[in-house]
Amino acid sequence: MKPLLELRDVSKNFDGVLAIADLSFGVPKNVVKAIIGPNGAGKTTLINMITGMIRPSSGEIVFNGRAITNLKPHVISALGIARTFQAVELFENMTVTENVMVGCHVRSHKGIVSSALRLPGVGREEAEIGKRAIEYLKFVGIEQYKDRMAGTVPFGVQRLVEMARAGASQPELLLLDEPAAGLNEAETRKASQLIRQICEDRVTVVLVEHDMKMVMAISDEILVIDYGRKIAEGTPDAVKSDPQVIEAYLGKRRPHA
């Protein structure tokens, strides 16, 4: 079976600095695949390339059998790829529900511009989108914050709002960039449970995360990169005992770290 997402010899060069080097890997459907590596390994660059925010210097990115290498972010999103960000990116002056509704608009018939202009037929669809947004807030367990301004809710709740908004776009592939960053232990456990639930709902998840306890607990596969190159790939048990992975995380090649 062909992978849902495939990177073929992808490289990214920033002004002579090679951030990603000839990287190839696939992500099967309906799995949680973690991408890990030391700071500066190129993990967020990888997510930015998959979502079209930056373009590879060379190589090809394929989603559902279609090359998406040079497509714009909104086109890639409409094809079924959603993401969250390392730093929370919410509309702080909109309510929690309104933020999630933004994700719903990716799949709406009228679109967000029509909604803003109040074109005919929008009212009915907006009401349906509002109901769907509430359902996603229930799913992540934060319905009680639905009428609060997003900028006023606790940080852990903001992370869950982002996850609900991404899920509201009904993606086939969800990219999570450090979803546990800034969370306490209880919030991290809740986020882990949600990620597994999302996968069980037939959404493929690519997870970039530094919390190794979380990664090992919820991942089906792990890809390890260092200096933009793949150094290991496989099951959590296989990866954690790989000598190159141990070397990268012990910092033997980073004496100043």
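Presented here is a report on the structure given in the accompanying data block. (Residues numbered from 1 in each chain as written. Predicted model: local features only at pLDDT ≥ 70, side-chain atom pairs only at ≥ 80, totals over all residues. Heavy atoms only, no water.)

### Structural notes on the overall build of the protein
Next, step 1: Helices and strands together make up the secondary structure of the protein, namely 10 helices and 10 strands.
Next, step 2: Classification of the 257 residues of the protein by burial places 49% in the buried group.
Next, step 3: Once local pairs closer than 6 in sequence are excluded, the contacts in the protein between residues at least 24 apart make up 67%.
Next, step 4: Summed over its atoms, the accessible surface of the protein is roughly 12,500 Å², and 52% of this surface lies on carbon and sulfur atoms. (Helix = DSSP H or I, 4+ residues; strand = E, 2+ residues; numbered from the N terminus. Buried < 20%, exposed > 50% of the residue type's maximum accessible area, 1.4 Å probe, protein only. Contact = heavy atoms within 4.5 Å. Areas by Shrake-Rupley, 256 points an atom, 1.4 Å probe, with all protein chains shown as cover.)

### Quick look at the sheet that holds strand E6 (residues 81–83)
Next, step 1: Read from one edge to the other, the open sheet built from 6 strands follows the order E6-E7-E8-E3-E9-E10, with strand pairing classed as mixed. Whereas interior strands pair on both sides, the edge strands pair on one side only; in this sheet they are E6 and strand E10 (229–234). Across this sheet, the average inter-strand angle for adjacent strands is 20°, counted without regard to direction.
Next, step 2: In terms of strand pairing, strand E3 (residues 32–36) meets strand E8 (residues 204–208) through 4 bridges, oriented parallel. Pairing of Val32 across the sheet is with Val205, part of E8. (Pairing = 2+ DSSP bridges. Axes fitted to C-alpha atoms, helices over the stretch in contact; angles between N-to-C directions.)

### Quick word on the pattern of salt bridges
Next, step 1: Applying the stated rule across the entire model yields 13 salt bridges.
Next, step 2: The shortest N-O distance in the salt bridge between Arg8 and Glu60 comes to 3.0 Å. Taken together, the residues Arg8 in strand E1 (residues 5–14) and Glu60 in strand E4 (residues 58–63) connect sequence positions 52 residues apart.
Next, step 3: Its relative accessible area of 36% is what places Arg8 among the partly exposed residues.
Next, step 4: One network of salt bridges, with partners in common, ties together Lys33, Glu221, Lys230 and Glu233. (Salt bridge = Lys/Arg side-chain N within 4 Å of Asp/Glu carboxyl O.)

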